[in-house]
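Each chain, written out:
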Amino acid sequence: MQGKNKARVMLVVLVVAMILNGRTAAAAQCRVERRMLVNACKSLVFRIGPSAKCCERLRATRTQCVCSVITPTVAKLIDVNYAVKVVRQCGRYVPRHFKCGSN
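The shown structure was predicted, so the numbers you read here are calculated from the model rather than taken from an experiment.

## Here's the deal with the overall build of the chain
At step 1: What the chain contains, in helices and strands, is six helices and zero strands.
At step 2: The helix and strand sequence of the chain, counted from the amino end, reads α-α-α-α-α-α.
At step 3: Long-range contacts, defined here as pairs at least 24 residues apart, represent 85% of the contacts in the chain between residues at least 6 apart.
At step 4: Total accessible area on the chain stands at roughly 6300 Å², and carbon and sulfur atoms take up 55% of it.

Put into structure tokens, the structure is as follows:
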């Protein structure tokens, strides 16, 4: 059960971070950014509002670092409406009909 919760935490956090800067990032830097984001936003899996640290990471993490790991399988496990709500709550703009991940 604990492993399943960890996977869910990571999935939710990755999607919550889907709307971020459009700059190109190296793969190694993206791994670091994703890890920092997951660590800062673990409470989101339990629907506890984002902390100041989580919002800071949501604003700093680049879009391609998150969206590049969202597969169709992962996308099915995510509550997109909740993810968008949290991203907006943290002060990030989420364009209408924004697509994140692979098709």
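## Structural notes on helix 2 (residues 27-40)
At step 1: Here helix 2 spans 20 Å end to end across 14 residues, near enough to the 20 Å set by a 1.5 Å rise per residue.
At step 2: All of the buried residues in helix 2 are Cys30, Glu33, Arg34, Leu37, Val38 and Ala40. What you see down the axis of helix 2 is that its buried residues fit within an arc of 165 degrees, all on one side.

## Let's talk about the side chain of Glu33
At step 1: Mapped onto the elements, Glu33 comes out in helix 2.
At step 2: Assessed through its relative accessible area of 4%, Glu33 is described here as buried.
At step 3: Ignoring any residue separated from it by four or fewer positions in sequence, one finds Glu33 in contact with Arg57, Ala60, Thr61, Arg62 and Cys65.

## Quick word on the pattern of salt bridges
At step 1: Evaluation of the coordinates by the stated rule reveals two salt bridges.
At step 2: The salt bridge involving Arg47 is made with Asp79; its shortest N-O contact spans 2.7 Å. Taken together, the positions of Arg47 in the loop between helix 2 and helix 3 (52-60) and Asp79 in the loop between helix 5 (72-76) and helix 6 (80-89) put the pair 32 residues apart, joining distant regions of the chain.

## Some words on the packing of helix 2 against helix 3
At step 1: Direction vectors running N to C along helix 2 and helix 3 enclose 155 degrees, while the axes themselves pass 8 Å from each other. In terms of axis orientation, helix 2 runs roughly antiparallel to helix 3. Read as a crossing pair, helix 2 and helix 3 show a hand that is left-handed. Only Lys53, Cys54, Arg57, Leu58 and Ala60 of helix 3 make contact with helix 2, whose side of the interface consists of Glu33, Met36, Leu37 and Ala40.
At step 2: Class assignment for the residues of the contact of helix 2 with helix 3 results in six nonpolar, no polar and three charged.

## Side note on the state of the cysteines
At step 1: Under the criterion given, the structure shown has four disulfides.
At step 2: Residue pairing for Cys30: its cysteine sulfur links by disulfide to Cys65, the two sulfurs lying 2.1 Å apart. As the torsion about the S-S bond is roughly -65 degrees, the Cys30-Cys65 disulfide counts as left-handed. Pair noted here: Cys30 is in helix 2 and Cys65 is in helix 4 (residues 63-67), with a separation of 35 residues, a long-range link. With respect to class, Cys30 is no different from Cys65; both count as buried.

## Remarks on the confidence of the model for the chain
If pLDDT is low for a region, its predicted coordinates should not be looked at in detail.
At step 1: In this model, the chain carries an average pLDDT of 82, and 75% of its residues clear a pLDDT of 70 or more.
At step 2: Put simply, helix 1 (residues 2-16) is where the chain has its lowest mean pLDDT, 63, and helix 3 is where it has its highest, 96.
At step 3: Taken together, the stretch residues 19-24 has pLDDT below 50 and engages in 25 contacts with residues farther than four places along the chain or on a different chain.

Rules and cut-offs
- Residues numbered from 1 in each chain as written.
- Predicted model: local features only at pLDDT ≥ 70, side-chain atom pairs only at ≥ 80, totals over all residues.
- Heavy atoms only, no water.
- Helix = DSSP H or I, 4+ residues; strand = E, 2+ residues; numbered from the N terminus.
- Contact = heavy atoms within 4.5 Å.
- Areas by Shrake-Rupley, 256 points an atom, 1.4 Å probe, with all protein chains shown as cover.
- Expected span 1.5 Å × (residues − 1).
- Buried < 20%, exposed > 50% of the residue type's maximum accessible area, 1.4 Å probe, protein only.
- Arc of directions from axis to C-beta.
- Salt bridge = Lys/Arg side-chain N within 4 Å of Asp/Glu carboxyl O.
- Axes fitted to C-alpha atoms, helices over the stretch in contact; angles between N-to-C directions.
- Parallel < 35°, antiparallel > 145°, perpendicular 65-115°, else oblique.
- Left-handed = near helix turned anticlockwise from the far one by under 90°.
- Nonpolar A, V, L, I, M, F, W, Y, C, P; charged D, E, K, R; others polar.
- Disulfide = S-S within 2.5 Å.
- pLDDT = per-residue confidence, 0-100.

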